[in-house]
Amino acid sequence: MKLNHLNLITSEVAALAAFFASHFGFELVAMRGKDAFAILRGADGFALNLMTPGKGKPSAYPDGSHVGFFVGSPELVHAKQAELTEAGFAPGEVEDLTRGGFKSTTFYCHAPGGILVEVGSAQA
């Protein structure tokens, strides 16, 4: 079984699509409606769908909900944090964490629409 896609609800479809395309290598495949629904595709074929909430519906997620990206080295984590800072986003500081016995280098950043994004790498 293979995970096929993720559907995120956001009030800022176009801005979030641009964020994932510019900084995480997704390709915008389609934008439908008046920036109400976007389909993005990752290099591995993974589909990321973004859509506005239904009329009168909230677009908030529970605390701790986030999208996580894994990169090949702690140096790439630092480089991505610097890239997002330079682009005007306010990513958190890079931290060395231990979770479940595994050490990682990680930071979090709020993307357009309030989506929380994690970027991490295993430590040697």
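One structure accompanies this document, and this report is about it. Note on numbering: residues in each chain are counted from 1, in written sequence order. Per-residue local features of the predicted model are confined to residues with pLDDT of at least 70, and side-chain atom pairs are confined, for both listing and counting, to 80 or more; whole-chain, interface and lining totals are unaffected and use all residues. For side-chain calculations, the full set of non-hydrogen atoms in the structure is used, while hydrogens and water are omitted.

Some words on the side chain of Lys 80
And step 1. Helix numbering and strand numbering both begin at the N terminus, where a helix is a DSSP run of H or I of at least 4 residues and a strand a DSSP run of E of at least 2. By the element assignment, Lys 80 lies in helix H2 (residues 74–86).
And step 2. Lys 80 gets classed as buried once you look at its relative accessible area, which sits at 16%.
And step 3. Should any heavy atoms of two residues lie within 4.5 Å, those residues are counted as being in contact. Residues in contact with Lys 80, not counting those within four places in the same chain, are His 23, Phe 24, Phe 107 and Val 119. Here the term buried applies to any residue with accessible area under 20% of the maximum for its type, exposed to any over 50%, and partly exposed to those in between, with areas from a 1.4 Å probe on protein chains only.

As for the pattern of salt bridges
Two side chains that carry opposite charge are able to pair once their charged atoms sit near each other.
And step 1. By convention in these notes, a salt bridge is any Lys or Arg side-chain nitrogen within 4 Å of a carboxyl oxygen on Asp or Glu. Tallied over the full model, the rule gives 2 salt bridges.
And step 2. In this structure, Glu 83 engages Lys 80 in a salt bridge whose closest nitrogen and oxygen atoms are separated by 3.1 Å. You can see Glu 83 and its partner Lys 80 sitting in helix H2, 3 residues apart, about one turn around the helix.
And step 3. Owing to a relative accessible area of 29%, Glu 83 belongs among the partly exposed residues under this scheme.
And step 4. For Arg 99, the salt bridge identified is with Glu 118, shortest N-O distance 3.2 Å.

With respect to the pairing of strand E4 (residues 47–51)
And step 1. By the criterion of burial, E4 is predominantly enclosed, with 4 of the 5 residues buried.
And step 2. For two strands to pair, DSSP has to find at least two bridges joining them. Where strand E1 (residues 5–9) lies against E4, 5 bridges are found, and the strand directions are parallel. Within the sheet, the bridge partner assigned to Leu 6 lies in E4 and is Leu 48.
And step 3. Relative to E4, strand E3 (residues 37–41) runs antiparallel, the two being bridged by 5 bridges. Residue Arg 41 lies in a different strand from E4, and its bridge partner there is Ala 47.
And step 4. Adjacent in sequence and paired antiparallel, E3 and E4 are bridged by 5 residues, among which Gly 45 carries a positive phi angle near 95°.

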